[in-house]
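Summary of the model geometry
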Amino acid sequence: MKDPSAKQRFVRLVLVGLCLFPLSRTVWANPSPALRPVSQPQLAQAWDTLGWDDLEDKRSLLRAIDGSLRYLQTPAAAQAYRNYPVPSITRDRVRRSLLRFRTLVETSQTPAQLQAAVKREFNWYKATGKDGEGTVSFTGYFEPTYAASRTPSAEYRYPLYRPPAGFANWRTPHPTRLELEGLDGRGTPRMRGLEVVWLRDRFEAFLVHVQGSARLQLADGGTMTVGFAGKTDRPYSSIGRELINDGKVPEENLSLPVLKAYFRANPDELNPYLSRNQSFVFFRETHGAPATGSIGVPVIAERSIATDKSLMPPGALAWIQTQIPYPNENGVLEPRPTSRYVLDQDTGGAIKGAGRVDIFMGTGTHAGDRAGLINHPGELYYLLLK
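Source: prediction; values computed, not measured. (Residues numbered from 1 in each chain as written. Predicted model: local features only at pLDDT ≥ 70, side-chain atom pairs only at ≥ 80, totals over all residues. Heavy atoms only, no water.)

Now for the overall build of the protein. Scanning the protein for helices and strands turns up 10 helices and 15 strands. Taken over 386 residues, the protein has a buried fraction of 57%. Accessible area of the protein: about 16000 Å², with a carbon and sulfur share of 50%. (Helix = DSSP H or I, 4+ residues; strand = E, 2+ residues; numbered from the N terminus. Buried < 20%, exposed > 50% of the residue type's maximum accessible area, 1.4 Å probe, protein only. Areas by Shrake-Rupley, 256 points an atom, 1.4 Å probe, with all protein chains shown as cover.)

This part covers the layout of surface pockets. Approximately 430 Å³ is the volume found for the largest pocket. Thr49, Asp57, Glu302, Tyr326 and Arg340 are the residues nearest the centre of the largest pocket, which is lined by 20 residues in total. Among the secondary structure elements, those contributing two or more residues to the lining of the largest pocket are helix 1 (55-71) and strand 13 (333-346). Top element by residues in the lining of the largest pocket is strand 13. It accounts for 5 residues. Along the lines of polarity and charge, the residues of the lining of the largest pocket split into 6 nonpolar, 6 polar and 8 charged. (1 Å grid on protein atoms, 1.4 Å probe; cavity = no way out; pocket = protein on both sides within 12 Å on 5 of 7 lines; lining within 4 Å. Points joined across faces, edges and corners; volume = space filled by probe spheres on them. Nonpolar A, V, L, I, M, F, W, Y, C, P; charged D, E, K, R; others polar.)

Another point: the pattern of salt bridges. Scanning the model with the defined rule gives 23 salt bridges in all. A salt bridge links Glu379 to Lys126; the shortest N-O distance between them is 3.3 Å. Of this pair, Glu379 sits in strand 15 (residues 375-385) while Lys126 sits in strand 3 (residues 122-127); the two residues are 253 residues apart in sequence, bridging distant segments of the chain. What makes Glu379 partly exposed here is its relative accessible area of 22%. In the salt-bridge network here, residues are joined through shared partners; they are Asp48, Asp57, Glu302, Arg303, Arg340 and Arg370. (Salt bridge = Lys/Arg side-chain N within 4 Å of Asp/Glu carboxyl O.)

In a soluble, globular protein the nonpolar side chains are often hidden away together inside. Ranked by size, the top nonpolar core spans 94 residues in total, and within it Phe101, Val118, Val197, Val226, Phe263, Tyr341 and Leu380 carry the most contacts. Structurally, this core is a two-domain feature, drawing no fewer than three residues from each of domain 1 (35-141 + 292-385) and domain 2 (143-285). The contact partners of Leu380, leaving out residues within four places of it in the chain, are Tyr125, Lys126, Ala127, Val136, Ile305, Thr307, Met312, Ala318, Trp319, Ile320 and Val357. Among the nonpolar cores identified, the runner-up in size contains 8 residues, and Phe167, Trp170, Met191 and Leu194 belong to it. (Core = buried A, V, L, I, M, F, W, Y, C linked by side-chain atoms within 4.5 Å. Domains from an automatic or database assignment. Contact = heavy atoms within 4.5 Å.)

Moving on, we come to the environment of Val249. Mapped onto the secondary structure, Val249 falls in the loop between helix 7 (239-245) and helix 8 (256-265). The exposure class of Val249 is buried, given its relative accessible area of 5%. Along the backbone, Val249 and Tyr262 are 13 residues apart, and their C-alpha atoms lie at a distance of 8.1 Å. Ignoring any residue separated from it by four or fewer positions in sequence, one finds Val249 in contact with Leu243, Ile244, Leu254, Val258 and Tyr262.

With that settled, consider empty space enclosed by the protein. Empty space among the atoms becomes visible once a probe the size of a water molecule is rolled across them. Looking at the largest cavity, its volume works out to about 50 Å³. If you go around the largest cavity, the residues you meet are Tyr158, Pro159, Arg177, Glu181, Gly185, Arg202, Ala205, Phe206 and His209. Of all the secondary-structure elements, those providing two or more residues to the lining of the largest cavity are strand 6 (158-161), helix 5 (177-181) and helix 6 (202-211). Here the residues of the lining of the largest cavity sort into 4 nonpolar, 2 polar and 3 charged.

The relative placement of two aromatic rings is captured by the distance of their centres and the angle of their planes. All told, the structure shown has 16 aromatic pairs when counted by the stated rule. An angle of 70 degrees between the planes, with centres 5.4 Å apart, marks the rings of Phe280 and Phe282 as edge-to-face. Judged on exposure class, the residue Phe280 and its partner Phe282 are both buried. The rings of Tyr161, Phe167, Trp170, Phe280 and Phe282 are connected pair by pair, giving a single aromatic cluster. The cationic tip of Arg190 hangs over the ring face of Trp170; the distance from NZ or CZ to the ring centre is 5.6 Å. (Phe/Tyr/Trp six-rings, centres within 6.5 Å; stacked < 30°, edge-to-face > 60°. Lys NZ or Arg CZ within 6 Å of the ring centre and 35° of its normal.)

As structure tokens, this is what we get:
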């Protein structure tokens, strides 16, 4: 994952490293390199069934739409779309598109009925992808639950920190991760007194930095949530990519479970590799708030995505084609070709360009298992009313 940027961030495979144009002939004054005109896409797999077999899944889509509609009423949205590089994609058009799509989801009796209405009423906009041909790399992220304590002990030794006083005025470049938390991750004198909470596992503490958010099970039996509160200006580096470059892990086999297994087998390498990611994240207690994306609304499992917000329209309705793991008849997670309507509600420091999408997979261990296995190509489209 990617390192958060002005957002709460959750676990993502990014850490292991691993456009748009209406169907009409309207010409944009300043076309973005991330945008391309498309006709109705030739779908490689079935359309999103929208929860006709699972009412809660349909409700989750409606909740995600409502979150984007709330965002679009904010001054932040007004500013974002004031600077958006495609004049024909406006905040009002995105809002009207969401309102109409919401009505269609509620009133359509079958997936086929919704599909026909979408084809009839919406224009399709395709991300040009990482190759200019529409290929998008998909990964997954989630909100984890880790063991932690409000007080340090021999078991709970790895702190998360609040921003220091005057952090906004720190001289650049900022200190590195190594200079702030030390090689062993247990802190340096300059960070003393800034601890928010302590975790018992160094790698899990590092993952919270990658995530920017976590739900913590406290040693005293309570729970605590923490969220992103700032970051240094140092660049994010993928630990998985570092291992690949050093010949330690084959690129084709890389996943979050593989990364965890490598460090379990090679514990002496953990500290040196984690220090290679110089970026450092600060946290605040969020008092039970749900996982929240960069546009300030709760992210919804399998309905919220993270993209590069310098290129993609924040809060907009999108449609993805990729592979997402689901359990087979034996309970084993297997990638399955999937298409889903999603809302663009998040971003991250490692999600750059028109060829990257991160899918939020939910909270907890099962969500993390699924998120860690998403590493597939696919396609990304946005839908707006004609």
